[in-house]
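Chain and residue survey
The lines below spell out each chain.
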Amino acid sequence: MNTTTDASPSPAALSATADKPLKVAVIVGSNREGRFGPVVAEWLLRRVREHQGFEVDVVDLADVDLPTSLSYRPDAATRAELDKVSPKLAAADAFVVLTPEYNHSYPASLKSVIDWHRPEWEAKPVAFVSYGGLSGGLRSVEHLRPVFAELHAVTIRETVSFHNAGALFDDEGTHKDPAAADAAAKTMLDQLAWWAWALRAAKEVRPYGS
């Protein structure tokens, strides 16, 4: 006799899950003095907040001071810094990582916050917005993809990149010609929403790794 219990959520439970807003954490990856990141971040946050079904939280790494020396037993000061970011990452259904390009790659502040966490990334989608000079930060994005793959995250193919970013925004932080960037952002966020919903629904049926 088959005694297996069907523990799958009911259709009503899955419908309720689908109706819940997707929690998206926008991670501002730069913490350098004089950084341009806040200008691009404001542009990005407006697009994310305008996207239907998203509930947005911000993780600005300029406000987090994590040591580069990892520990399984962090001291009180490190735990206080982790408390600024870990709950936001754990609660998120999806991420948008905003990264500059420093010396052909992404900043140490971003690598640090990634390495201090693991289950917070698992089976969640990650989208990228980058900025820089001629490359638009795309080398940073391509370096981040295998890092997130190792952490069992799903990276979104479409990106938004700002080449020679400083020349694209006026003194008030407004994009001078936003049509192409806005269209790219919509495509990226639509894909992020699809993956976030699909992965969240899948984990409701079967926890990741089971």
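For the structure itself, consult the block above.
In this text, all values refer to a predicted model and were calculated from it rather than measured experimentally. (Residues numbered from 1 in each chain as written. Predicted model: local features only at pLDDT ≥ 70, side-chain atom pairs only at ≥ 80, totals over all residues. Heavy atoms only, no water.)

Quick look at the pairing of strand β3 (residues 94–99)
Of all the six residues making up β3, six are buried; the element is thus mostly covered by neighbouring parts of the structure. Across the two faces of β3 the burial is the same, with Ala94, Val96 and Leu98 and Phe95, Val97 and Thr99 all buried. In this structure, strand β1 (residues 22–28) lies alongside β3, joined through five bridges in parallel fashion. Residue pairing in the sheet places valine 28 in a bridge with leucine 98 of β3. Note: β3 against strand β4 (residues 125–132), five bridges, orientation parallel. Bridge pairing in β4 links phenylalanine 95 to valine 126. Handedness of the crossover joining β3 and β4 through helix α4 (residues 108–115) is recorded here as right-handed. (Buried < 20%, exposed > 50% of the residue type's maximum accessible area, 1.4 Å probe, protein only. Helix = DSSP H or I, 4+ residues; strand = E, 2+ residues; numbered from the N terminus. Pairing = 2+ DSSP bridges. Right-handed = clockwise from strand over helix to strand, strands pointing away.)

Digging into the environment of glutamine 52
One can find glutamine 52 in the loop between α2 (37–50) and β2 (54–60). By relative accessible area, which is 75% here, glutamine 52 ends up exposed. In this structure the C-alpha to C-alpha distance between glutamine 52 and alanine 202, which are 150 residues apart in sequence, comes to 21 Å.

Concerning the side chain of threonine 78
Examined against the element boundaries, threonine 78 turns out to sit in helix α3 (residues 76–91). Aside from chain neighbours lying at most four places away, what touches threonine 78 is Leu66, Pro67 and Trp116. (Contact = heavy atoms within 4.5 Å.)

Some points on the layout of surface pockets
Computed from the structure, the largest pocket encloses a volume of approximately 170 Å³. The wall of the largest pocket is formed by Leu70, Ser71, Tyr72, Pro74, Asp115 and Trp116. A breakdown of the residues in the lining of the largest pocket according to their chemical character gives four nonpolar, one polar and one charged. (1 Å grid on protein atoms, 1.4 Å probe; cavity = no way out; pocket = protein on both sides within 12 Å on 5 of 7 lines; lining within 4 Å. Points joined across faces, edges and corners; volume = space filled by probe spheres on them. Nonpolar A, V, L, I, M, F, W, Y, C, P; charged D, E, K, R; others polar.)

A look at the pattern of salt bridges
Going through the model one piece at a time under the given rule, you end up with ten salt bridges. With a shortest N-O distance of 2.9 Å, aspartate 60 and arginine 35 are connected by a salt bridge. Linking aspartate 60 in strand β2 with arginine 35 in the loop between β1 and α2, this pair joins segments that are 25 residues apart in sequence. The exposure class of aspartate 60 is buried, given its relative accessible area of 19%. (Salt bridge = Lys/Arg side-chain N within 4 Å of Asp/Glu carboxyl O.)

With respect to α3
Look at α3: 22 Å from first C-alpha to last across 16 residues, which is about the 22 Å you get at 1.5 Å a residue. When the local axis directions of α3 are compared, the greatest deviation, roughly 40°, occurs at aspartate 83, which is followed within four positions by the proline proline 87. Buried within α3 we find Thr78, Glu81, Leu82, Val85, Ser86 and Leu89. As for α3, its buried residues are in contact with β1, β2, β3 and α4. (Expected span 1.5 Å × (residues − 1). Bend = angle between axes of the 7 residues up to and from the residue.)

A closer look at the pairing of β2
Inspection of the sheet shows β1 paired to β2 by seven bridges, in the parallel sense. Opposite isoleucine 27, over in β2, you have valine 59 as the bridge partner. As for the winding sense of the linkage, the β-α-β connection from β1 through α2 to β2 is right-handed.

Side note on the nonpolar core
Of all hydrophobic cores here, the largest spans 29 residues; its most connected members are Val96, Val129, Phe162 and Leu192. Within the residue set of this core, elements represented by two or more residues are β1, α2, β3, β4, β6 (160–163) and α6 (179–205). Ranked by the residues each element gives to this core, the list is headed by α6, at seven residues. Look past the residues within four positions of leucine 192 in its chain and what remains in contact with it is Val24, Phe54, Ala94, Phe95, Val96, Pro125, Val126, Ala127 and Ile156. (Core = buried A, V, L, I, M, F, W, Y, C linked by side-chain atoms within 4.5 Å.)

What to know about α2
With 14 residues, α2 should reach 20 Å at 1.5 Å per residue; the first-to-last C-alpha distance of 20 Å fits that figure. Turning to α2, its buried residues are Gly37, Val40, Ala41, Trp43, Leu44, Leu45, Arg47 and Val48. Buried residues belonging to α2 abut β1, β2, β3, β4, β6 and α6.

Any functional reading would require information that these geometric values do not contain.
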